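Spelled out, the chains give:
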Amino acid sequence: MASFWPVALIVLITFLAALIFFLLFIFEEKKIFVWLTVLVFFAVIGALYYAWDDLNFRSANVVFGKKTDFKGVIVNDPSLKAGSQEIVLKLSQPYSGNILIKLARYPEFHYGDELNLNGIIKKPEPAGYERYLAKEKIRGISSFPKVELIGSNRGSGIKAALFEFKNKIIGSFQKVLPQKESAFLTGLTLGGRSEFSQEFKNAMQLSGTTHLVALSGYNITIIVWAVMGLLAYFLSKRLSFLLTIFIIIGFVLMTGAEASVVRAAVMGILVLLARELGRLYDIKNAVVLAGLIMVLFNPKVLAFDVGFQLSFLALLGIIYLRPAIARFFKMGEEPGFLGWRDNFLTTTSAQLAVAPVLIINFGSFSPTSLLANVLILGAVPVTMGLGFIIAFASFVSYYLSLVFSWLAWILLSFEIFIINLFAKLSLTFSSALSWAAVFLYYIIIIGFTVYVGRNHSKTQTS
Amino acid sequence: MLDEIILKLKRHKNKAIILVVALVVLDFLIFWQISGEGRTNRDLRIYFLDVGQGDSELVLLPGGVKVLIDGGPPNSRILGNLEKIILPTDRYIDLVMMSHPQLDHFGGLIDVFKRYRVGAFLTNGRKGEAQAFADLEKIIEENSVKTVVLAKNDVIRYENNHFKIISPDKNTLQAKELNDTVLVAELTSNNSKTLFTGDIGVNIEEELLKVFNSPIDILKVAHHGSKYSSFGGFLEVLNPKVAVIEVGKNSYGHPTAEVLKRLEGVGSKIFRTDLDGIIELIIDGQTIKVLKNI
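About the cut-offs
- Residues numbered from 1 in each chain as written.
- Chains lettered and ligands numbered in written order.
- Predicted model: local features only at pLDDT ≥ 70, side-chain atom pairs only at ≥ 80, totals over all residues.
- Heavy atoms only, no water.
- 1 Å grid on protein atoms, 1.4 Å probe; cavity = no way out; pocket = protein on both sides within 12 Å on 5 of 7 lines; lining within 4 Å.
- Points joined across faces, edges and corners; volume = space filled by probe spheres on them.
- Helix = DSSP H or I, 4+ residues; strand = E, 2+ residues; numbered from the N terminus.
- Domains from an automatic or database assignment.
- Expected span 1.5 Å × (residues − 1).
- Buried < 20%, exposed > 50% of the residue type's maximum accessible area, 1.4 Å probe, protein only.
- Arc of directions from axis to C-beta.
- Contact = heavy atoms within 4.5 Å.
- Axes fitted to C-alpha atoms, helices over the stretch in contact; angles between N-to-C directions.
- Parallel < 35°, antiparallel > 145°, perpendicular 65-115°, else oblique.
- Left-handed = near helix turned anticlockwise from the far one by under 90°.
- Nonpolar A, V, L, I, M, F, W, Y, C, P; charged D, E, K, R; others polar.
- Core = buried A, V, L, I, M, F, W, Y, C linked by side-chain atoms within 4.5 Å.
- Pairing = 2+ DSSP bridges.
- pLDDT = per-residue confidence, 0-100.

Q: I'd like a description of the layout of surface pockets, backed by residues and values.
A: Residues and elements named next belong to chain A. By volume, the second largest pocket amounts to about 1,100 Å³. Around the second largest pocket sit 31 residues that line it, and V295, P299, L302, A303 and F308 are the ones nearest its centre. Of all elements in the fold, only α2 (31–58), α10 (283–297), α11 (301–304), α12 (306–328), α13 (340–362) and α17 (435–461) reach the threshold of two or more residues within the lining of the second largest pocket. If you tally residues by element for the lining of the second largest pocket, the top one is α2, at 7 residues. Residues lining the lining of the second largest pocket come from more than one domain, with at least three contributed by each of domain 1 (4–58) and domain 3 (164–461).

Q: Describe α10(A), listing the residues and the values that go with them.
A: Residues and elements named next belong to chain A. With 15 residues, α10 extends 21 Å from end C-alpha to end C-alpha; this agrees with the ideal 21 Å at 1.5 Å per step. Those residues of α10 that fall on the buried side of the exposure criterion are A286, V287, A290, G291 and M294. Looking straight down α10, one finds that the buried residues subtend no more than 130 degrees of arc, so they occupy a single side. Of the exposed residues in α10, those oriented more than 90 degrees away from the buried face are N285 and V288. At its buried positions, α10 is contacted by α9 (259–277), α11 and α12.

Q: How would you sum up the packing of α12(A) against α13(A)? Please name residues and give values.
A: Packed helices, taken two at a time, are described by their axes: the angle between them and the distance between them. Residue and element names in this part refer to chain A. Viewed as axis vectors pointing N to C, α12 and α13 meet at an angle of 140 degrees, and their least axial separation amounts to 7 Å. Relative to α13, the element α12 lies oblique. Where α12 crosses over α13, the handedness of that crossing is right-handed. The residue makeup of the contact of α12 with α13, split by class, is 16 nonpolar, 6 polar and 2 charged.

Q: Any chance you could break down the nonpolar core for me, citing the residues and the numbers?
A: Judged by nonpolar contacts, the single largest core of 57 residues is most densely connected at A:F184, A:M204, A:L212, A:I220 and A:F251. Among the elements that line this core, the one with the most residues is helix α16 (residues 398–425) of chain A, at 12 residues. The residues touching A:F251, leaving out its near neighbours within four places in the chain, are A:T189, A:L190, A:L215, A:N219, A:I220, A:I223 and A:V261. Ranked by size, the runner-up nonpolar core spans 30 residues in total, among them B:L60, B:F121, B:I140 and B:V145.

Q: For the environment of A:D53, give the residues involved together with the corresponding values.
A: Residues and elements named next belong to chain A. Looking at the secondary structure, you find D53 in helix α2. In this structure, the C-alpha to C-alpha distance between D53 and K300, residues 247 residues apart in sequence, is 8.7 Å. Discounting residues that sit within four places of it in the chain, D53 has contacts with K137, P299 and K300.

Q: How would you explain the sheet that holds strand β10 (residues 192–196) of chain B if you had to name every residue and give the values?
A: Residues and elements named next belong to chain B. Overall, mixed pairing links the 7 strands, which are arranged β7-β8-β9-β10-β11-β12-β13 in an open sheet. On the outer flanks of this sheet lie β7 (155–158) and β13 (269–272), each paired with one strand and no other. Pairs of neighbouring strands in the sheet enclose a mean axial angle of 15 degrees, with direction left out of account. Note that β10 and strand β11 (residues 218–220) share 3 bridges and pair parallel. Looking at the pairing, T194 lines up with I218 of β11. Set on the sheet, helix α9 (residues 257–265) makes contact with β12 (242–245) and β13; between it and β13 the angle comes to about 145 degrees.

Q: Before we move on, could you go through the confidence of the model for chain B and cite the residues and values that matter?
A: With 94% of its residues at a pLDDT of 70 or more, chain B has an overall mean of 91. Here the complex is predicted with pTM 0.88, and the ipTM for its interfaces comes to 0.85.

Written out as structure tokens, the structure reads:
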């Protein structure tokens, strides 16, 4: 019950705040104080919800630090590394909860396999890793226990089919492209970095391009575009709308539902829904709704999922900061050759919005990443498109997919080259940041955005 | 009419540029592929791959036919090795031979079958005891690769190049010890002789001496330099000019001082994948050129 006192303190402070706001409303009679009161109450509900969720998570029955026999079913699509594989196992009676298990590379296991194991389950360390795994609802880890397969297909049939489909696509990349290139293409189209070498992961971080392999609005847009375009020929509008939504949800499940793609999917579905119902789509409301849904689903994402924070901050940067920067520097709305101006503005605003989070979590932020991103982003949509074409072509003919892979190979080698080059050129400053500095930084960014916005509306009215 | 086209082109300038560039590049690539197919390199090239503790050799016959013998342990290192040697757009290996079904010889082959198209899979027909063997069988079946079982006296011929299988025979194939069942292959090509020995021990070496009486040029030293292989009498008959030991970090003491001494005793030049990385031998019919750490 270590988390009791902080929660109690938060509840106490917020109740006091609510009381103050309410009294202010009675004396000052301004509507804003009612809103603030309600807002504070929501914070209390949120804190209680978090505490309840955490209590549930910790009540799982796992035996730590002792050699034990245990049983369970694999609930993830095992992630394959060079010499090992990682599975998430949902423990069966008498135990409960999920644990992460590292196993030899072969025999290969699959989603829905039921296993008998014998080994030691440990608590994850250090604290940061423990919080990350807690966010993933994983209680313990076990390395190379004795393992025996006792059954398969014990999971959801839909998920099993989706994972199989995904692995077919990855296989089609691997058949036509070298290791690095196929791994990168997999990351771009389906997310995931498990196949990347540690060197390449570091290079992506140093060059500020890791976000490329986090699935986002890009991927969802391409899917919507392709699916709607295809289906609209054969089906009624209503039916193709429903199917597209199912396919988006399928894509999210298939790729492991990382924060950035869930956010993009919720917002994408809202766009489609607004069009279907003839309502206006308001991006600000969509952002808030996406965040709310995700936090309701898993309250830990708010604090412990860096991907969640980066995804939302970057998006807010693009929505609010981008137009402010464009106006301030009087840059036109022309995208420029291969969309460089577009990419430059988007990257700059997104990177400025996420910089403190990057520095706090990864100890580095590189200004040269702007150039790296501008150079790469122009080629990324085409590469992703080619990736999907290779996947579909491979279902028709191997040779067809091979021909497309040559074009993809050129782009992928170019992108990998830029990433490695800018990893060397990166000017990292990795000083520790105080919370006060972060706070000040965001105040300045928000201040800038508001200031430019006001000036702009003044010049328009005058 | 022409004005209309120019107008359209102007409107879609970026797309037009991308399309033209893509087509030109694709053109070059296709020509590269075609000219690559016809490239008649008449050298024999033998690569001893750096895959850690395990065996893997790639043979490029004069004319470009690719034969991969073993794939090392299941650590995926073979892929990086192959990509240094084979063009990135070339995804085909003619023959994959598994000397015997032990994990440090076939583990990496699972990755190879996942990522390359393979003409045929050559094996001694024995099943492996390692759990991963089922994964190997599965991937071979999934890709419908033809499997051919070889034994003593079978020969693979391409133009003037011959792989002759000189072990196992009916009896040794039944051995309890998997190392006795190794497909031992003698390659005759470009005026040179190379012996691939897998993990054979002294007992099989003695058997081989019954049919072997002439020296060879290149020896893949048996069983990562174990002292229970490569006995003096065998090495004296073979008298290899170049001896390559495929070895990585291990707890068996491979390669053993005894074997190194015996090889020195017969005057072989010794190369080791743990010290020399990928070792490339280029044989033009007159000389053997050895390149290290390629």
